[in-house]
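The chain contents come next:
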Amino acid sequence: MRVLLVDDEVRLADGVRRGLEAEGMTVDLAHNGVDGLWRAREQDYDVIVLDVMMPGMSGYRVCATLRAEQIWTPVLFLTAKDGEWDEVEGLDTGGDDWLTKPFSFPVLVARLRALVRRGARERPAVLEAGDLRLDPAARTVHRGEVEIDLTAREIAVLDFLLRRRGEVVTKLEVLDNVWADGFDGDPNIVEVYVGRLRRKVDRPFGRDGIQTVRGSGYRLAADGG
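Note that the structure is predicted; figures quoted are calculated from it, not measured.

Trainee: Lay out the overall build of the protein chain in plain terms, naming residues and giving numbers.
Mentor: The helix and strand tally for the protein chain stands at eight helices and 12 strands. In summary, the protein chain has a C-alpha radius of gyration of 18 Å against a globular reference of 17 Å for 225 residues, a match within 12%. Counting only C-alpha atoms, the protein chain reaches 55 × 35 × 30 Å along its principal axes. In the protein chain, buried positions account for 47% of the 225 residues. Across the protein chain, contacts joining residues at least 24 apart in sequence account for 57% of those joining residues at least 6 apart. In the protein chain, which carries 32 positive and 40 negative side-chain charges, the distance between the mean positions of the two groups comes to 3 Å.

This is the structure:
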């Protein structure tokens, strides 16, 4: 596993690098956002670990720039910022996971491995099912010409369903791909978010695109419903 670690806390970054290398990973370091962006553009990495508050360019801007340039390497934000709106902004700019300092090193390793297992599949410019469209780079969702306001987590769930449109996906698959590995909350959270999506992307338009397959899971109709 090749990791890019971008963090201006030099001692912490060096300690994390040594720990990841002990786990068999190859780690490149950058200590500001500008250098981190350059490395991410020039080299192929399996995953990027990105601080938020850095000189030169914030982690948010680094991630947003990469996504705008269609670079889809998984990004884990590792930061001292612990507000829920900080996390929302990180996910909205294209981040894949969020871990707050101080952190458990085994949890960091597990999350990095989980992100690499999911992979950085090349994402189409726009995901579509009929007239339902999600632009992963812009983080926007439309039904026809109508833009739909979704939260970061709702977009993440819809993104997964769109990528598997026409297929039945289980609740566990949604949890594994949208929430972090080791999620120990109520798995019924998936039902909550599916319900929210139906109320926003289906019902106002007289559609039934997100379907429950009894005893199996959920399916987004290939034609969007």
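Next comes the rest of the description.
Trainee: Explain the sheet that holds strand 10 (residues 168-169) residue by residue, including any values.
Mentor: A sheet is described by the order of its strands in space; here three strands give the open sequence 10-12-11, paired in antiparallel fashion. Whereas interior strands pair on both sides, the edge strands pair on one side only; in this sheet they are strand 10 and strand 11 (210-213). When strand 10 meets strand 12 (residues 217-220), the two strands line up antiparallel, connected through two bridges. What sits directly across from Val169, in strand 12, is Tyr218. Here helix 8 (residues 189-202) sits on the sheet and contacts strand 11 and strand 12; the angle it forms with strand 11, its principal contact strand, is near 145°.

Trainee: Describe the sheet that holds strand 8 (residues 140-143), with residues and values.
Mentor: An order of 6-7-8-9 is seen for the four strands of this open sheet, with the pairing classed as antiparallel. Edge strands, defined here as strands with exactly one partner in the open sheet, are strand 6 (127-129) and strand 9 (146-148). Each strand axis lies, on average, 20° off the axis of its neighbour in the sheet, ignoring direction. Judged from the three bridges that link them, strand 8 and strand 9 form a sheet pairing that is antiparallel. Within the sheet, the bridge partner assigned to His142 lies in strand 9 and is Glu147. With respect to the sheet, helix 6 (residues 152-163) is in contact with strand 6, strand 7 (132-135) and strand 8, its orientation differing from that of strand 7 by roughly 115°.

Criteria and thresholds
- Within each chain, residue numbers correspond to sequence positions counted from 1 in written order.
- Residue-level local features of this predicted model are given only where pLDDT is at least 70; pairs of side-chain atoms are given and counted only at 80 or more, and the full residue set underlies all totals for whole chains, interfaces and linings.
- Side-chain metrics rest on all non-hydrogen atoms present in the structure, leaving aside hydrogens and water.
- The helix count covers DSSP runs of H or I at least four residues long, the strand count covers runs of E at least two residues long, and both are numbered beginning at the N terminus.
- The globule rule used for comparison is 2.2 Å times the number of residues to the exponent 0.38, while the radius of gyration itself is calculated over C-alpha atoms.
- Three exposure classes are used, based on accessible area relative to the maximum for each residue type with a 1.4 Å probe and protein chains only: buried under 20%, partly exposed in between, and exposed over 50%.
- Throughout, a residue-residue contact means that at least one pair of heavy atoms, one from each residue, lies within 4.5 Å.
- His is not counted, nor are the chain ends; Lys and Arg add positive charge and Asp and Glu add negative charge.
- Lys charges are placed at NZ, Arg charges at CZ, Asp charges at CG and Glu charges at CD.
- The criterion for strand pairing is that DSSP finds at least two bridges linking the strands in question.
- Fitted lines through C-alpha atoms serve as axes, helices being fitted only where they are in contact, and the angles separating the N-to-C directions of these axes extend from 0 to 180 degrees.

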